[in-house]
Amino acid sequence: MNSAEKRDRAVTLAVAVLVMIAGYAALFVAPEERTMRAIQRIFYFHVPSAWTAFTAFFIVFICNIVYLVRRELKWDWLGVSAAEVGLAFCTAVLVTGPIWAKPVWGIWWTWDARLTSTFVLWLMYVSYLLLRTLLPDPEKRARISAAFGIFAFLDVPLVYFSIWLWRTQHPQPVIGGGGSLDPTMWKVLMTCWAALLGVMILMVRQRYRLEQLRHEAEELAHAAEARASASGGELA
Amino acid sequence: MSIARAAAIVLAKELRLEFRSRELLTTTLVFVLMVIVLFSFSFDPTSEESKRFGPGLLWIAFLFAGSLMLNPSFAREQANDTLYALRLAPVEPFGILLGKILANLAFLLLTELLLLPVFAVLYNVAVLPVLGRLVVVLLLGTLGLAVTGTSFSAISAQARMRELLLPLLLLPVLTPVLIASVECTAGLLGDPAELRMNWLNVLIAFDVIFLAASYLLCDTLLEE
């Protein structure tokens, strides 16, 4: 085992331990919320997932810009990896939200500002990934999707602001905003975020390697094809 | 050659092309008209309800029309590789994009102005007293649609399944335009009529940000 592999193992192990600590803290260390009881504990997964998804989407935006400036495919690989992992976390947010909302609000979904804007964000990154599948050439895929990614990310503040403005004119659902968070709850929340960020980084790294290997396989296939057609030409 | 002059030449070319064939305008007009009629079938609104749903219906119809109509803007250039010829011209690439944006803006505005009286009659909405302010809202909302739609048409033209792809790329990004335009229109058609300035500002912000982004990204969009 070389030193890079050893380091990889150590990082993976550290993240695994952190995830276990975070899970334990969320279930047993954090105090029980007075009115919502146990269901409130989903908050330690829900909120950090949202923060992690936003972090991942921000990485996508940075990768898009760097790709367009430098034109090195590795930035595109990192971008698509972060986009996929970010979308997975964003999906987790949209799934855990209704699980919490049903017992607490009595409904699965409401067109509240935060829910709606997260949903729109999710849709934008789904179309980002969809666009990529419809562009077969790697260079073109990288360039075109980077342009779309920048447009989409610039739109995020506008989407948030307009949906927020739109909703404030209507009755607000009871969201746990306002009041201060218990210090222990706060610490548990931060531990959970650290754990999920670790998971995100590990997943992005794996996904990046997959993209790299796919690219190498494509290159090899092209080279083999070129060689076959060259020798075919000699025979004729 | 300045950007403005290049844009004017591309604009003239697009307008000439359209007024010779009238393909885009006729199909879009008929499409929006159908949406307006189908809406009446599926919701059967009373006159009170039409006031409430009218602005939303109108803008949904415009947005769908835009996402269908803007597709040929760049796809058409690919059939004979004419985009390549355009890019060979010694002009700023933004001139080409701007010309197309202005042409699409003109087509969309024309469609909207033709359909507005039809909508007003069918849904019994009084648009004449607020026409001036409504035109401002139409102009700003449609500019956002034209800028984003034309830039995304350059994106989708390079992909497979482009006709299906463009609405998927465009509609989520246009969320702020839809909400702001509907709110502005609803304010104008309400009683008393008022122009909701905060929503008008959202439209202006969207237009400025996306126009700036398309200026910065147009080299990337037009590259082959």
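A brief structural summary. Bear in mind that the values here come from a model prediction, so they are computed numbers and not experimental data.

Moving on: helix H7 (residues 131–156) of chain B. For H7 of chain B, built from 26 residues, the straight-helix expectation of 38 Å at 1.5 Å per residue is met to within 8% by its first-to-last C-alpha distance of 35 Å. Buried residues dominate H7 of chain B, accounting for 19 of its 26 residues.

Positive phi, normally seen in glycine, also occurs at Arg 71 of chain A, with a value near 60°. When you line up the elements, Arg 71 of chain A lands in the loop between helix H2 (43–70) and helix H3 (73–105). In this structure, Arg 22 of chain B takes a positive phi of about 55° despite not being glycine. Within the secondary structure, Arg 22 of chain B is located in the loop between helix H1 (3–21) and helix H2 (23–43).

Our next topic: the interface of chain A and chain B. The parts lose accessible area when they come together, and the size of an interface is often stated as this lost area. Chain A puts 29 residues into the contact, and the matching count from chain B is 31 residues. For the pair chain A and chain B, the summed buried surface comes to about 2700 Å²; carbon and sulfur atoms form 75% of the total. Contact with chain B buries area across many residues of chain A, yet Leu 134, Phe 151 and Leu 158 of chain A alone supply 25% of it, more than any other trio. Summed over the shared surface of chain A and chain B, the result is two salt bridges. Put simply, Glu 223 of chain B and Arg 143 of chain A hold a salt bridge, and the shortest N to O gap is 3.4 Å. Summed over the shared surface of chain A and chain B, the number is six residue pairs in polar contact (both at pLDDT 80 or more). It is helix H5 (residues 138–168) of chain A that provides the largest number of residues to the side of chain A that touches chain B, a total of 16 residues. Broken down by class, the residue content of the side of chain A that touches chain B amounts to 21 nonpolar, four polar and four charged.

Residues and elements named next belong to chain A. Applying the stated criterion across every chain yields a total of 25 aromatic pairs over all chains. Aromatic pair Phe 161 and Trp 164: ring centres 5.9 Å apart, planes at 35°, arrangement tilted. One end of the pair, Phe 161, and the other, Trp 164, are both in helix H5, three residues apart, so they sit about a helical turn from each other. When its relative accessible area of 42% is taken as the criterion, Phe 161 is described as partly exposed.

About the criteria used
- Residues numbered from 1 in each chain as written.
- Chains lettered and ligands numbered in written order.
- Predicted model: local features only at pLDDT ≥ 70, side-chain atom pairs only at ≥ 80, totals over all residues.
- Heavy atoms only, no water.
- Helix = DSSP H or I, 4+ residues; strand = E, 2+ residues; numbered from the N terminus.
- Expected span 1.5 Å × (residues − 1).
- Buried < 20%, exposed > 50% of the residue type's maximum accessible area, 1.4 Å probe, protein only.
- Contact = heavy atoms within 4.5 Å.
- Buried area = accessible area lost by both parts, 1.4 Å probe.
- Salt bridge = Lys/Arg side-chain N within 4 Å of Asp/Glu carboxyl O.
- Polar contact = N/O pair within 3.5 Å; in protein donor to acceptor, adjacent residues only side chain to side chain.
- Nonpolar A, V, L, I, M, F, W, Y, C, P; charged D, E, K, R; others polar.
- Phe/Tyr/Trp six-rings, centres within 6.5 Å; stacked < 30°, edge-to-face > 60°.

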